[in-house]
Amino acid sequence: MKQFFLVLVLSLFTFCHSNNVTSNQSDTTVTPIIQDTMAAQTPINIIDSTFFKINDQFPWMGDTIRSYIQLSTNEMVKSFVKDSSIVFMYDGIENTDTGSYVRVQIGADVNNGEGVIFSTAQWVSVDTLSREIYEYDIAADSSRLWIRP
């Protein structure tokens, strides 16, 4: 799926670049940003790097993840929120006998001295029916239900 997304992005870039080479005028317009009530309370710029399929199927998913990020007790998540570098990426949908879950990787791009790498702060799974969030504990190889503080 990641390969398909990469090919799609490269194709779009090539298409847009080839159309704009002959034109001297810009066809882009700037639209004003409308802040929602949650963003007005806490000015955090959270970038949503997503699969379009998940956004179409579950339009509430992005807000659920943003809410988790703002209320998270994970120290790495808090530090990435503090410097406004945090992003989240959908890793896919996992169908089990008990339901469907969307896996989400939360982290930021970090310079490790040799270059920029993506540092994962937290893995979470979101139940698509109940909208409950499960935090994944890598050390214990288990998930636990996240209770909203």
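Structure first, text after, so check above.
All values reported here derive from a predicted model rather than from experimental measurement.

(A) Just the overall build of the protein, in detail. Along its length, the protein carries five helices and six strands. If you list the helices and strands of the protein from N to C, you get α-α-β-α-α-α-β-β-β-β-β. For the protein, buried positions account for 29% of its 149 residues. Looking at the protein alone, contacts between residues at least 24 apart form 45% of all its contacts between residues at least 6 apart. As displayed, the protein has an accessible area near 10500 Å², and 56% of this comes from carbon and sulfur atoms.

(B) Structural view of the pairing of strand 4 (residues 116-127). With eleven bridges connecting them, strand 3 (residues 100-111) and strand 4 associate as antiparallel partners. Across the sheet, Ile106 pairs through a bridge with Gln122, a residue of strand 4. In terms of strand pairing, strand 4 meets strand 5 (residues 133-137) through four bridges, oriented antiparallel. The residue bridging Ser125 from the neighbouring strand is Tyr134, located in strand 5. The loop that links strand 4 with its antiparallel partner strand 5 comprises five residues; one of these, Arg131, has a positive phi angle of about 65 degrees.

(C) Fine view of the environment of Arg148. With respect to the secondary-structure elements, Arg148 resides in the segment after strand 6 (142-145). Separated by 15 residues in the primary sequence, Arg148 and Ile133 place their C-alpha atoms 9.2 Å from one another. Excluding anything up to four places from it in sequence, Arg148 contacts Ser67 and Leu71.

Analysis parameters
- Residues numbered from 1 in each chain as written.
- Predicted model: local features only at pLDDT ≥ 70, side-chain atom pairs only at ≥ 80, totals over all residues.
- Heavy atoms only, no water.
- Helix = DSSP H or I, 4+ residues; strand = E, 2+ residues; numbered from the N terminus.
- Buried < 20%, exposed > 50% of the residue type's maximum accessible area, 1.4 Å probe, protein only.
- Contact = heavy atoms within 4.5 Å.
- Areas by Shrake-Rupley, 256 points an atom, 1.4 Å probe, with all protein chains shown as cover.
- Pairing = 2+ DSSP bridges.

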